[in-house]
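A look at the structure
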Amino acid sequence: MREDITEEQFWQLPQVKNLRAGLQEKTFCEKYERACRIVAAHLQRMDSEVCTELGYHRIDCVKWRVKTPESCILKLKRKGKELTMENALARLNDIAGVRVVCEFLDDMYGICRQIAQDGIFRVIKQKDYVKQPKSSGYQSLHLVIGVPFENGEEVKAEIQFRTKAMDFWSDIEHRFVYKNRRKYEKEIEIELRKCAKAIYKIDKQMMHIRDHVAGFGPGGYEVAEFSVKSGRDRILESQN
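Rules and cut-offs
Residues numbered from 1 in each chain as written. Predicted model: local features only at pLDDT ≥ 70, side-chain atom pairs only at ≥ 80, totals over all residues. Heavy atoms only, no water. Patch = residues over 30% accessible without salt bridge, like charges linked within 9 Å, V, L, I, M, F, W, Y side chains within 5 Å. Areas by Shrake-Rupley, 256 points an atom, 1.4 Å probe, with all protein chains shown as cover. Salt bridge = Lys/Arg side-chain N within 4 Å of Asp/Glu carboxyl O. Lys, Arg positive; Asp, Glu negative; His and termini not counted. Charge placed at Lys NZ, Arg CZ, Asp CG, Glu CD. Helix = DSSP H or I, 4+ residues; strand = E, 2+ residues; numbered from the N terminus. Buried < 20%, exposed > 50% of the residue type's maximum accessible area, 1.4 Å probe, protein only. Arc of directions from axis to C-beta. Contact = heavy atoms within 4.5 Å. Axes fitted to C-alpha atoms, helices over the stretch in contact; angles between N-to-C directions. Parallel < 35°, antiparallel > 145°, perpendicular 65-115°, else oblique. Nonpolar A, V, L, I, M, F, W, Y, C, P; charged D, E, K, R; others polar. Phe/Tyr/Trp six-rings, centres within 6.5 Å; stacked < 30°, edge-to-face > 60°. Pairing = 2+ DSSP bridges.

Take a positive patch on the surface next. Among the surface-exposed residues, R78, K79, K81, R91, K125, K127 and K134 lie close enough to one another that they form a single positively charged patch. Only helix 4 (69-79) and strand 3 (122-128) provide two or more residues apiece to the positive patch. Position of K125 among the secondary structure elements: in strand 3.

Below, the structure is given as structure tokens:
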């Protein structure tokens with residue numbers, strides 16, 4: 001991709017216009033919207049099933065979106081990939097994106113484990129940005145799954161799990177920093193990392209307060225690990 005063209009010229013390139021048109025097709029958008037709805041409904045059912053046992057809802061809210069054609073194109077461009085529909089389908093895992101905001105840190109891991117075990121969705125890939133945060137301080141659990149349709153087709157979707165505090169941090173970082181990279185200052189980067197570390201500490205403290213008050217006992221999933229073996233993902237618990 002040429003680097004000596006303006007932004008306006010970039011969006012007028014034939015391959016860009018063709019990809020944009022494909023990503024805007026009604027059948028394409030509806031397919032990914034349906035995948036998001038299926039995942040969101042399943043997560044809400046899972047939450048309801050264990051609410052009585054736990055005495056609270058593990059999930060505060062579920063949000064979803066289908067990535068815009070422009071965002072898909074720019075992400076492929078950043079990855080240095082050819083701007084084709086084939087690459088969009090193969091290289092982009094988050095065209096269908098579902099965000100799950102959880103009450104507590106260990107709830108995130110518990111729900112991930114349940115998804116891996118119930119076999120409804122095929123777990124393709126996982127990243128634990130809680131154990132290993134991004135350099136910016138970003139924390140979240142990411143699961144890329146295959147959502148099956150009745151006709152045998154499978155659509156990829158990415159689920160992001162966060163606590164309320166992590167979601168607040170991510171929203172602020174995305175709104176004021178990620179969208180304004182030219183204004184990004186080193187001091188802000190340092191402060192965000194400090195805030196992320198404080199948020200993780202607070203999340204653990206709140207979890208321990210819950211355990212003490214509710215009598216759950218120590219432990220949880222915050223040191224859980226993901227593993228992939230023979231094409232299937234399992235989440236292995238560890239107790240503190």
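Right, picking up where we left off after that structure.
Okay, helix 4 next. Listed as buried for helix 4 are P69, C72, I73 and L76. End-on, the buried residues of helix 4 take up no more than an arc of 95 degrees, which puts them together on one face. Where the residues of helix 4 are buried, they touch helix 1 (7-11), helix 2 (14-24) and helix 5 (85-91).

Turning to a nonpolar patch on the surface, a few remarks are in order. The grouping of I202, M206, I209 and V213 at the surface amounts to a nonpolar patch, some 400 Å² of accessible area in total. As for its placement among the helices and strands, I202 is situated in helix 8 (residues 186-214). Residue classification places I202 among the partly exposed positions, given a relative accessible area of 44%.

Let us now look at the packing of helix 6 (residues 105-118) against helix 8. Where helix 6 meets helix 8, the axes come as close as 8 Å, and the angle between the chain directions of the two elements is 85 degrees. As the angle between them shows, helix 6 and helix 8 are arranged roughly perpendicular. In this structure, helix 6 contributes L105, D106 and D107 to the contact, and helix 8 contributes Y200, D203, K204, M207 and R210. Tallied by class, residues from the contact of helix 6 with helix 8 come to three nonpolar, no polar and five charged.

Another point: the packing of aromatic side chains. Here the structure, examined in full by the defined rule, presents four aromatic pairs. Pairing F28 with Y32 gives two aromatic rings, centres 4.8 Å apart and planes at 45 degrees, and the pair type is tilted. With F28 and Y32 both in helix 3 (residues 26-54), this residue pair falls four residues apart, about one helical turn. A relative accessible area of 8% places F28 in the buried class. Judged by its relative accessible area of 6%, Y32 is buried.

In terms of burial, strand 5 (residues 154-163) is a largely internal element, nine of the ten residues being buried. Summarising the sheet, strand 2 (residues 96-102) and strand 5 pair through six bridges and their orientation is parallel. Looking at the pairing, G97 lines up with E158 of strand 5. Here strand 4 (residues 141-148) runs beside strand 5; their pairing, made up of eight bridges, is antiparallel. Residue pairing across strands places G146 opposite K156, the latter belonging to strand 5. The turn linking strand 4 back onto strand 5 is made up of five residues, and G152 within it adopts a positive phi angle of 90 degrees.

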